[in-house]
Amino acid sequence: MGSGAAGRGGGVNPRGRMGVVALGRLVAGPAFNNPNFLFRLAREDALAYFLGRRAGETIAKFQYALAQAFVLGERQPLLSVEGALLQHGKGHSSARMEDGKRYLSGTEAAHFGVGTITQRGEAYSVRSTRRMLLAARSAGVAGGDFPTRIGAGADLATMGLVHDAATYYAPAMINRAEGLLEGPKQSLLRGALPVVVAADPSGLESQIITISFQALEVLTGGAGGIGPIQERLRAIRGGFGKEIFQDPRDPDPGNRLFGLREATFLEATLAAYQDPGGAFARELEGVARRIPEQAHDMAQLAVQAREELAAIASGSAILI
């Protein structure tokens, strides 16, 4: 949906890149730019980085959701985790059948974050941003004044939209293989969402820290991390799960990873999870180390954003 539709009332429901950009620019101004395909998984030795980045982005979604619920005063927001709802591009892939096997060629857009935090079936980043905009408009804030009147709120909303829509290029086989592993993770991540959001800033910061580590455990532990990989490998090896292949005719050398086979990719991923001193473990150490600082910054931003909305509502907001 274009920016014209966005400007008529904030009723934006973006499902693709342009919708996300329209809503982001409405709240943050023309400087908002949805993340482009700056990353591509095209080397096997980059797997650990991408696995770590996926964990970090997923945790960031949880941190955002708690902060935004605090801003909007939603003590019991009834959040859930569903599949990817916002997408930046699609990539270019095709498929062919030969000898009963499906061969994929080209790349696809793979989400960094696992799943989407939703409220009533809608991406919470979209739903909460619309609510914030409508609250500001009802208090007399003109569209062009959003970035200055709700600066912290705009920053927070931008984070949510960007984390939900951020994607990278991956060989089509890898994107499809990772998609098959996400179902169990999404189910377990729902259990990490809070029933009640903290009411005070210190409680919010503490809650963000706790839930961030819970989400990290889901993503890397036995049930959500290793288990789905092992189960999928058993299905492939047992012959009751159709393996995914990258087409050997694919002309792009960057797509010729892990022997062009899903099973080989899964074995490499499993090995990364099970190596306590490996590159993936070091990536996760970095993710965990950053959680307290991120929680502090997110809680501070949420406090500022809530104060902005309260000031606007009381008519005491001042243009900067």
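Whatever comes next refers back to the structure up there.
The structure displayed is predicted, hence computed values, not measured ones.

A. Highlighting the environment of Asp 247. Take Asp 247: it is sitting in the loop between strand E7 (245-246) and helix H10 (262-274). Look at Asp 247 and you get buried, because its relative accessible area is 5%. Residues Asp 247 and Arg 261 lie 14 residues apart in sequence; the distance between their C-alpha atoms is 9.2 Å. In this structure the side chain of Asp 247 is engaged in a polar contact, spanning 2.9 Å, whose partner is the backbone nitrogen of Arg 249.

B. Structural detail: the packing of aromatic side chains. Scanning all chains against the criterion turns up nine aromatic pairs. Among the aromatic residues, those joined into a cluster by ring pairs are Phe 39, Tyr 49, Phe 50, Phe 112 and Tyr 168. Between Arg 96 and the ring centre of Tyr 103, over which it is positioned, the NZ or CZ distance is 4.9 Å.

C. Region of interest: the pairing of strand E3 (residues 101-111). Counting buried residues in E3 gives nine out of eleven residues, a clear majority hidden from the surface. The sheet contact formed by strand E2 (residues 91-98) and E3 spans eight bridges and is antiparallel. Residue pairing for E3: Ala 95 is matched across the bridge by Leu 104. For E3 and E7, the ladder comprises two bridges, and the chain directions are parallel. Each residue of the ladder has a partner; that of Tyr 103, found in E7, is Phe 245. Here five bridges tie E3 to strand E6 (residues 167-171), and the two strands are oriented antiparallel to one another. What sits directly across from His 111, in E6, is Thr 167.

D. Up close: the sheet that holds strand E1 (residues 79-82). The strand order E1-E4-E5 describes an open sheet built from three strands, whose pairing is antiparallel. The two strands at the open ends of the sheet, each matched to only one other strand, are E1 and strand E5 (122-123). Judged from the two bridges that link them, strand E4 (residues 116-119) and E5 form a sheet pairing that is antiparallel. By the bridge assignment for E5, Gln 119 is matched with Glu 122.

E. The nonpolar core, seen in detail. Phe 62 and Leu 204 are the most contacted members of the largest nonpolar core, which has 91 residues in total. In terms of residues, this core owes the most to one element, helix H3 (residues 47-71), which gives 14 residues. Beyond its immediate sequence surroundings of up to four residues, Leu 204 is in contact with Leu 66, Ala 67, Phe 70, Val 197, Ala 198, Ala 299 and Ala 302.

F. Spotlight on the side chain of Gln 68. Among the secondary structure elements, Gln 68 is positioned in helix H3. Look past the residues within four positions of Gln 68 in its chain and what remains in contact with it is Tyr 124, Ser 128, Leu 156 and Ala 157.

G. Quick look at the pattern of salt bridges. The final tally for this structure, using the stated rule, is 16 salt bridges. Residue Arg 96 pairs with Asp 247 through a salt bridge whose shortest N-O separation is 2.6 Å. In this pair, Arg 96 sits in strand E2 while Asp 247 sits in the loop between E7 and H10, placing the two residues 151 residues apart along the sequence. For Glu 267, the salt bridge goes to Arg 237, with nearest N and O atoms at 2.9 Å. With a gap of 30 residues between them, Glu 267 in helix H10 and Arg 237 in helix H9 (residues 222-238) connect regions that are remote in the sequence. Residue Glu 267 is classed as partly exposed on the basis of its relative accessible area of 35%. Among the charged side chains, a salt-bridge network with shared partners connects Arg 96, Glu 98, Asp 247 and Arg 249.

So, how was this worked out
- Residues numbered from 1 in each chain as written.
- Predicted model: local features only at pLDDT ≥ 70, side-chain atom pairs only at ≥ 80, totals over all residues.
- Heavy atoms only, no water.
- Helix = DSSP H or I, 4+ residues; strand = E, 2+ residues; numbered from the N terminus.
- Buried < 20%, exposed > 50% of the residue type's maximum accessible area, 1.4 Å probe, protein only.
- Polar contact = N/O pair within 3.5 Å; in protein donor to acceptor, adjacent residues only side chain to side chain.
- Phe/Tyr/Trp six-rings, centres within 6.5 Å; stacked < 30°, edge-to-face > 60°.
- Lys NZ or Arg CZ within 6 Å of the ring centre and 35° of its normal.
- Pairing = 2+ DSSP bridges.
- Core = buried A, V, L, I, M, F, W, Y, C linked by side-chain atoms within 4.5 Å.
- Contact = heavy atoms within 4.5 Å.
- Salt bridge = Lys/Arg side-chain N within 4 Å of Asp/Glu carboxyl O.

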